[in-house]
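Residue strings, one per chain:
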Amino acid sequence: CVEPCWWYVDVTFVIHENQNLLLDYVISRLISNMFRFVEFFRDIGPVATVSVDRIDLHCPISNGDLVRVEGRPIAKGNSSLTIHCICKKHDMYTRKFVITATAFITLVALDQNMRPKKNIHGLRLVKTEDIQVAELYSERKKLFEQWNKMMAATNLKTDEQLTKIYEEKEAEDRQFVKREYLTISETEVVMRKQPLPKHLNFNQTFFGGNIIQVMEETAVYCAKRFTQNYGHGDMLTLCMNRVSFTQPITPKDILEMRASVVYVRKFILEVEVICYVDRKGAGKPEDMIRSHTGHFTVLNVDSIGFKIPIAVGVKIDAKDGENLERYKRAKDRFLFDITHPSRNAETLPLELRRTLSADDEKDDDVAGRKFYLN
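Predicted model, so just to flag it, every value in this text is computed and none were measured.

A. Layout of the overall build of the protein. Helices and strands together make up the secondary structure of the protein, namely seven helices and 14 strands. With 374 residues in all, the protein has 55% of them scored as buried. A fraction of 76% describes how many contacts in the protein between residues 6 or more apart in sequence connect residues 24 or more apart. Of the accessible surface of the protein, which amounts to about 17800 Å², a share of 51% is contributed by carbon and sulfur atoms.

Listed below in structure tokens is the structure:
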């Protein structure tokens, strides 16, 4: 058995002025560097990313911040290993590192034939801190299972169900008055990405951290295009819901990401990014293999970091069963995270918790605004 320990990677990120670092970029950097520095993985052999649990933002990372990414193994299966990841930035005012993002990432060990390697060596949890984190992961794993069951149960078959959801959507539209409304298909942004050699992992497939990174870039652009928040503001990713990878992506494949706005509140919206693998590279629908889906909650802010109301809404026809289901699932995800908070949510800053739970929607638009980019 091996006791878990922390591994550190210190990197100074430099990005464009007045832009925030994408939330998942720090997680991708953590995974990519982890394999190079951890002796634990050398004993196992090659590993591949299987899934990423919900990633939460604690505070934004801005231009020139010194960022520390940390990880340690916290649970294992027969061939899998779960890593608890924490990203921190150095706060100039307190001269201390503060948490910016957290996540649990599950990896699978591979044998020489790139198949799951069974019976990897054990993991011994001795320290109280390790045991507490393992308990937190156990909670998150159970929430993940409930979340998957909820997503599978959202299947609108009857006209009565469609009518009920449409009426709920109309009631929300009356609550949040918008300047204009777009259909979900009108919000869609399609991006295609082919992995470069630097994006490949040990088994020469597209690295999971880079996949998440380009997914978020697509989601943020989709959100900006939807809100028309160009130049005078920005979109800030608050969290990414759970992602499970089902298809390996080789250098010969092309990853196609289709991002759409599926749910809009007063200050936040959700972008759904559906990923397909194009094995032949011709872009034909019959050649596309659906791989995985990510859901990104994005906050609308102005140029100095104050949250501002979203002036655009989503419209859905009463007989559009497919998009009514997508709307219903997005709303269920929003309500699920409110009614099933994990202990990890308690560590989020108060104003972020209020935004993610929509408790701030009754605030005065001027006096109640909060500064996020601190």
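B. Looking closely at helix H3 (residues 128-153). Given a rise of 1.5 Å per residue, 26 residues ought to cover 38 Å, and the 38 Å separating the end C-alpha atoms of H3 matches this to within 8%. Those residues of H3 that fall on the buried side of the exposure criterion are Asp130, Val133, Ala134, Leu136, Tyr137, Arg140, Leu143, Phe144, Trp147, Met150 and Met151.

C. Region of the structure containing the packing of aromatic side chains. Counted according to the given criterion, the structure contains four aromatic pairs. Pairing Phe104 with Tyr137 gives two aromatic rings, centres 5.3 Å apart and planes at 50°, and the pair type is tilted. Placement of the pair is Phe104 in strand S6 (residues 96-109) and Tyr137 in helix H3, with a sequence separation of 33 residues. Across the pair, exposure class does not vary: Phe104 and Tyr137 are buried alike. Note on Tyr263 and Tyr327: the rings are 5.7 Å apart at their centroids and 50° apart in plane angle, and the pair reads as tilted. Of this pair, Tyr263 sits in strand S11 (residues 254-264) while Tyr327 sits in helix H6 (residues 321-339), and the two are 64 residues apart along the sequence. Lying across the ring of Tyr327, Lys169 places its NZ or CZ 6.0 Å from the centre. Sitting over the face of the ring of Tyr276, Arg258 holds its NZ or CZ atom 4.1 Å from the ring centroid.

D. Fine view of the pattern of salt bridges. Overall, the coordinates contain 20 salt bridges when judged by the stated rule. Put simply, Arg265 and Glu172 hold a salt bridge, and the shortest N to O gap is 3.5 Å. Here the residue Arg265 occupies a position in the loop between S11 and strand S12 (268-278), and Glu172 occupies one in helix H4 (residues 159-175), the gap between them amounting to 93 residues. We note that Arg265, like Glu172, is buried.

E. Quick peek at the environment of Leu324. Of note, Leu324 is situated in helix H6. The spatial distance from the C-alpha of Leu324 to the C-alpha of Lys169 is 8.9 Å, given a sequence separation of 155 residues.

F. Examining the packing of H4 against H6 more closely. Where H4 contacts H6, the axes come no closer than 10 Å and their chain directions differ by 60°. Classified by the angle their axes make, H4 and H6 are oblique. In terms of crossing hand, the pair formed by H4 and H6 is left-handed. Two secondary-structure elements touch here, H4 through Leu162, Ile165, Tyr166, Glu168, Lys169 and Glu172 and H6 through Gly321, Leu324, Tyr327, Lys328 and Lys331. Its residues assigned to classes, the contact of H4 with H6 shows five nonpolar, one polar and five charged.

G. Summary view of the pairing of strand S13 (residues 288-302). Extensive coverage of S13 is indicated by the burial of 13 of its 15 residues. Pairing analysis gives 11 bridges linking S12 to S13, with the strands arranged antiparallel. Bridging across to S13, Tyr276 finds its partner in Arg290.

H. The arrangement of unusual backbone geometry in detail. The phi angle at Arg95 is positive, at roughly 60°, despite the residue not being glycine. Its location among the elements puts Arg95 in the loop between strand S5 (80-91) and S6. For Gln228, which is not glycine, the phi torsion reads 60° and is therefore positive. Among the secondary structure elements, Gln228 is positioned in the loop between helix H5 (208-227) and strand S9 (233-240).

I. Fine view of H5. With 20 residues, H5 should cover 28 Å at 1.5 Å per step; its first-to-last C-alpha distance of 29 Å lies within 8% of that length. Of all 20 residues in H5, 17 are buried, a share of seventy percent or more. Trailing H5 by a residue or two, Gln228 shows a phi angle of about 60°, which is positive.

J. The arrangement of the packing of H3 against H6 in detail. Running from N to C, H3 and H6 point in directions that differ by 155°, and their axes come no closer than 10 Å. As judged from the angle between their axes, H3 and H6 are roughly antiparallel. Once H3 is placed against H6, the crossing between them reads as right-handed. Contacts between H3 and H6 involve Leu143, Gln146, Trp147, Met150 and Met151 from the first element and Arg329, Asp332, Arg333 and Phe336 from the second.

K. Main features of the nonpolar core. Formed by 63 residues in total, the largest nonpolar core has its most connected members in Phe226, Leu238, Leu255, Val261, Leu269, Val271 and Val273. Top element by residues in this core is H5. It accounts for nine residues. Once residues lying within four places of it in the same chain are set aside, the contact partners of Leu255 are Met191, Arg192, Lys193, Phe206, Ile211, Val214, Ile249, Cys275, Tyr276 and His292. Counting seven residues, the second largest nonpolar core, distinct from the first, contains Ile74, Ala75, Phe104 and Leu136.

Conventions we followed
Residues numbered from 1 in each chain as written. Predicted model: local features only at pLDDT ≥ 70, side-chain atom pairs only at ≥ 80, totals over all residues. Heavy atoms only, no water. Helix = DSSP H or I, 4+ residues; strand = E, 2+ residues; numbered from the N terminus. Buried < 20%, exposed > 50% of the residue type's maximum accessible area, 1.4 Å probe, protein only. Contact = heavy atoms within 4.5 Å. Areas by Shrake-Rupley, 256 points an atom, 1.4 Å probe, with all protein chains shown as cover. Expected span 1.5 Å × (residues − 1). Phe/Tyr/Trp six-rings, centres within 6.5 Å; stacked < 30°, edge-to-face > 60°. Lys NZ or Arg CZ within 6 Å of the ring centre and 35° of its normal. Salt bridge = Lys/Arg side-chain N within 4 Å of Asp/Glu carboxyl O. Axes fitted to C-alpha atoms, helices over the stretch in contact; angles between N-to-C directions. Parallel < 35°, antiparallel > 145°, perpendicular 65-115°, else oblique. Left-handed = near helix turned anticlockwise from the far one by under 90°. Nonpolar A, V, L, I, M, F, W, Y, C, P; charged D, E, K, R; others polar. Pairing = 2+ DSSP bridges. Core = buried A, V, L, I, M, F, W, Y, C linked by side-chain atoms within 4.5 Å.

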